[in-house]
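Chain residues, written in single-letter form:
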Amino acid sequence: MSPDEFFVSCLALTLSVVATGIALGPWDAPYKIRSVAHIENRFGKFAARLVWVVVAIVSGGSAAAIVSGLRPAYATPTVHGEPPR
C-alpha cells in the first residue's frame, strides 16, 4: 500500500467515525448544513440522522476498499520508476 492510499483511507475512516458521532450524538451544528437542514425540514430529524448514517457507511466502505486494494479492472497502480501503461 502506498502512502497516498494509506492517507486517503485514514481520511475516509475519520470521516466515517465523525459522521457516526454526528448521527448518534447530540451535536446540532452539522444539521444546519443546507442539504441536511432541507432534509430535516421536509422529512424530520430521523431522516437527517439516516443521511449521516449513510455517509458513515459509505465512507467506511470506501476506507475498507482502499485498504484492501479493491479497484476497477482498468485501474492499475503505478510502480515508482516504471512508466504508466
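Whatever comes next refers back to the structure up there.
First things first, this report covers the structure right here in the doc. (Residues numbered from 1 in each chain as written. Predicted model: local features only at pLDDT ≥ 70, side-chain atom pairs only at ≥ 80, totals over all residues. Heavy atoms only, no water.)

**Some remarks on the overall build of the protein chain**
- Looking only at helices and strands, the protein chain features three helices and zero strands.
- For the protein chain, the α and β elements follow one another from N to C terminus as α-α-α.
- Per-residue burial over the protein chain gives 20% buried out of 85 residues.
- Long-range pairs, those at least 24 residues apart, make up 56% of the contacts in the protein chain with a sequence separation of at least 6.
- For the protein chain, the accessible area works out to roughly 6400 Å², and carbon and sulfur atoms hold 70% of it. (Helix = DSSP H or I, 4+ residues; strand = E, 2+ residues; numbered from the N terminus. Buried < 20%, exposed > 50% of the residue type's maximum accessible area, 1.4 Å probe, protein only. Contact = heavy atoms within 4.5 Å. Areas by Shrake-Rupley, 256 points an atom, 1.4 Å probe, with all protein chains shown as cover.)

**A closer look at helix α3 (residues 45–68)**
- For α3, built from 24 residues, the straight-helix expectation of 34 Å at 1.5 Å per residue is met to within 8% by its first-to-last C-alpha distance of 35 Å.
- Trailing α3 by a residue or two, Gly69 shows a phi angle of about 85 degrees, which is positive. (Expected span 1.5 Å × (residues − 1).)

**Concerning the nonpolar core**
- By size, the foremost hydrophobic cluster in this structure holds eight residues: Ala19, Ile22, Ala23, Tyr31, Val36, Ala48, Trp52 and Ala56.
- Mapped onto this core, the elements with two or more residues apiece are α1 (3–24) and α3.
- Discounting residues that sit within four places of it in the chain, Ala48 has contacts with Tyr31, Val36, Ile39 and Glu40. (Core = buried A, V, L, I, M, F, W, Y, C linked by side-chain atoms within 4.5 Å.)

**Points about the environment of Ile57**
- As for its placement among the helices and strands, Ile57 is situated in helix α3.
- With 44 residues separating them along the chain, Ile57 and Leu13 place their C-alpha atoms 9.8 Å apart.

**Topic: the packing of aromatic side chains**
- Inspection of every chain in the model, using the stated rule, returns zero aromatic pairs.
- Here Lys45 stacks its cationic end above the ring of Tyr31, 3.8 Å away from the centre of that ring. (Phe/Tyr/Trp six-rings, centres within 6.5 Å; stacked < 30°, edge-to-face > 60°. Lys NZ or Arg CZ within 6 Å of the ring centre and 35° of its normal.)

**Regarding the packing of α1 against α3**
- In contact at an axis separation of 8 Å, α1 and α3 are set at 160 degrees when each is read in the N-to-C sense. It follows from the interaxial angle that α1 and α3 lie roughly antiparallel. Like other packed secondary-structure pairs, α1 and α3 cross with a definite hand, here left-handed. Touching Glu5, Val8, Ser9, Ala12, Leu13, Leu15, Ser16, Ala19, Thr20, Ile22, Ala23 and Leu24 of α1 are Arg49, Trp52, Val53, Val55, Ala56, Ser59, Gly60, Ala63, Ile66 and Val67, all from α3. (Axes fitted to C-alpha atoms, helices over the stretch in contact; angles between N-to-C directions. Parallel < 35°, antiparallel > 145°, perpendicular 65-115°, else oblique. Left-handed = near helix turned anticlockwise from the far one by under 90°.)

**Quick word on the side chain of Ser9**
- Secondary-structure assignment places Ser9 in helix α1.
- Residue classification places Ser9 among the buried positions, given a relative accessible area of 3%.

**Brief notes about the pattern of salt bridges**
- Scanning the entire structure with this criterion turns up two salt bridges.
- The partner of Lys45 in a salt bridge is Asp28, and the shortest N-O contact between them spans 3.3 Å. Pair noted here: Lys45 is in helix α3 and Asp28 is in the loop between α1 and α2 (34–43), with a separation of 17 residues, a long-range link.
- Residue Lys45 is classed as partly exposed on the basis of its relative accessible area of 28%.
- Here the salt bridges do not stand alone but share partners, grouping Asp28, Glu40 and Lys45 into one network. (Salt bridge = Lys/Arg side-chain N within 4 Å of Asp/Glu carboxyl O.)

Note that every value here comes from positions in space, so none of it alone points to a role or purpose.
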